[in-house]
Amino acid sequence: MNVEYINPFVVSVTEFFNTMLGVNVERTSIGIAAELSATDGFRAIIGLSGAICGTVVLVLPMNTGNQLVKRLLCSEEVPDEDTLRDGVSEAVNIIAGNAKARLPQKDGRSISLSLPTVISGNGVKIECPSDTAVVDIGFKSDLGDFSLKIGFQNTIN
Amino acid sequence: MKALVVDDSGVMRKVLIGALKRCEISDVDEAGDGEEAVELAKNTPYEIILMDWNMPKRSGLEAVKTIRGMGKTMPIIMVTTEAEKSRVVDALKAGASNYVIKPFEPSVIVGKIRSALGLE
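Remember, predicted model here, so these are calculated numbers, not experimental data. (Residues numbered from 1 in each chain as written. Chains lettered and ligands numbered in written order. Predicted model: local features only at pLDDT ≥ 70, side-chain atom pairs only at ≥ 80, totals over all residues. Heavy atoms only, no water.)

Draft legend 1. Summary view of unusual backbone geometry. For the bond running from lysine 102 of chain B to proline 103 of chain B, omega is 0 degrees, close enough to zero to count as cis. Positive phi values are uncommon outside glycine, yet cysteine 74 of chain A reaches one of about 50 degrees. With relative accessibility at 68%, the residue cysteine 74 of chain A sits in the exposed group. The phi dihedral of glutamate 24 of chain B is positive, around 65 degrees, even though this residue is not glycine. Position of glutamate 24 of chain B relative to the elements: it lies in the loop between helix 1 (10–22) and strand 2 (27–31). (Buried < 20%, exposed > 50% of the residue type's maximum accessible area, 1.4 Å probe, protein only. Helix = DSSP H or I, 4+ residues; strand = E, 2+ residues; numbered from the N terminus.)

Laid out in structure tokens, this is it:
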């Protein structure tokens, strides 16, 4: 997998946590994953289409998701479920949107983002098409560990 | 002083309302899409609008064009993840007064609001 397509997402995650949350974040791992799933917590999903096609999943343990939304709102109040879902979906929207501008341009074609979707709870398997390569990037932060999974369809290999 | 915050994310609306409060603006209406924003702007004399780009029903860009087409001259600050230069140019051509790219530091949006309203 070409790093030109991975680094924009690492930079974007770092910028989001640093600037909007005032939180330190560090990439801890990177590797190929078999699927986009995670065992539990929030999975905030957004699709890429156009010059690059794929799926981006921000995987947050419940506690990290809670902490993220509280930091975003500058509030110590425990967010309700709607607010939590809204907050983590906005997080993946900002991360993917910011990365989009840093991705290599292909023939001047633009990239569009879908509206984000959030899945919470246990035991959900997120499948992707067979021609998709999934990269799993692990992070540690002051709010807890989390990961970003990116599934690119084979057009960019 | 009355403001309108337009974003399909309720959390982001709260973040932006927090920024307006730091500028001592607490009379704020909210809209979740561009269509609702246009309807509200028709009848209410807002002194500033903070506008997202990608929203259901009508985009922020289309809403800015429509609001300007109604002869409204208040500052409109686009607050969006759309970071490409061409997008910024499109927004300014459509009538946006300023542009803030998400993610932003809270002090940046506060500075842009103050500057747009001549509070500095």
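Draft legend 2. Quick look at the confidence of the model for chain B. Overall, the prediction assigns chain B a mean pLDDT of 94, with 100% of residues at 70 or greater. Taken over the whole predicted complex, pTM reads 0.90, whereas the ipTM for its chain interfaces reads 0.86. (pLDDT = per-residue confidence, 0-100.)

Draft legend 3. Examining the environment of lysine 100 of chain A more closely. Along the polypeptide, lysine 100 of chain A turns up in helix 3 (residues 81–100). Judged by relative accessible area, lysine 100 of chain A falls into the buried class, the value being 3%. A distance of 3.1 Å separates polar atoms of two side chains, one belonging to lysine 100 of chain A and the other to glutamate 82 of chain B. (Polar contact = N/O pair within 3.5 Å; in protein donor to acceptor, adjacent residues only side chain to side chain.)

Draft legend 4. Structural view of the interface of chain A and chain B. Every contact between the two is made by 17 residues of chain A and, on the other side, 17 residues of chain B. Between chain A and chain B, roughly 1,600 Å² of surface is buried when both sides are summed, and carbon and sulfur atoms account for 62% of that area. Three residues stand out in chain A for area buried against chain B, namely Thr19, Met20 and Glu90 of chain A, and they jointly supply 30% of the buried area on that side. For the interface between chain A and chain B, the tally reads 3 salt bridges. Between lysine 100 of chain A and glutamate 84 of chain B there is a salt bridge, with the nearest N and O atoms lying 3.5 Å from each other. Mapped by element, the contributors of at least two residues to the side of chain A that touches chain B are helix 1 (7–20) and helix 3 of chain A. Of the residues contributing to the side of chain A that touches chain B, the split by class is 7 nonpolar, 6 polar and 4 charged. (Contact = heavy atoms within 4.5 Å. Buried area = accessible area lost by both parts, 1.4 Å probe. Salt bridge = Lys/Arg side-chain N within 4 Å of Asp/Glu carboxyl O. Nonpolar A, V, L, I, M, F, W, Y, C, P; charged D, E, K, R; others polar.)

Draft legend 5. Spotlight on the pairing of strand 2 of chain B. Residue and element names in this part refer to chain B. Bridge analysis of strand 1 (residues 2–6) against strand 2 gives 5 bridges, and the strand direction is parallel. Pairing of valine 6 across the sheet is with alanine 31, part of strand 2. In this fold, the crossover linking strand 1 to strand 2 by way of helix 1 has right-handed handedness. (Pairing = 2+ DSSP bridges. Right-handed = clockwise from strand over helix to strand, strands pointing away.)

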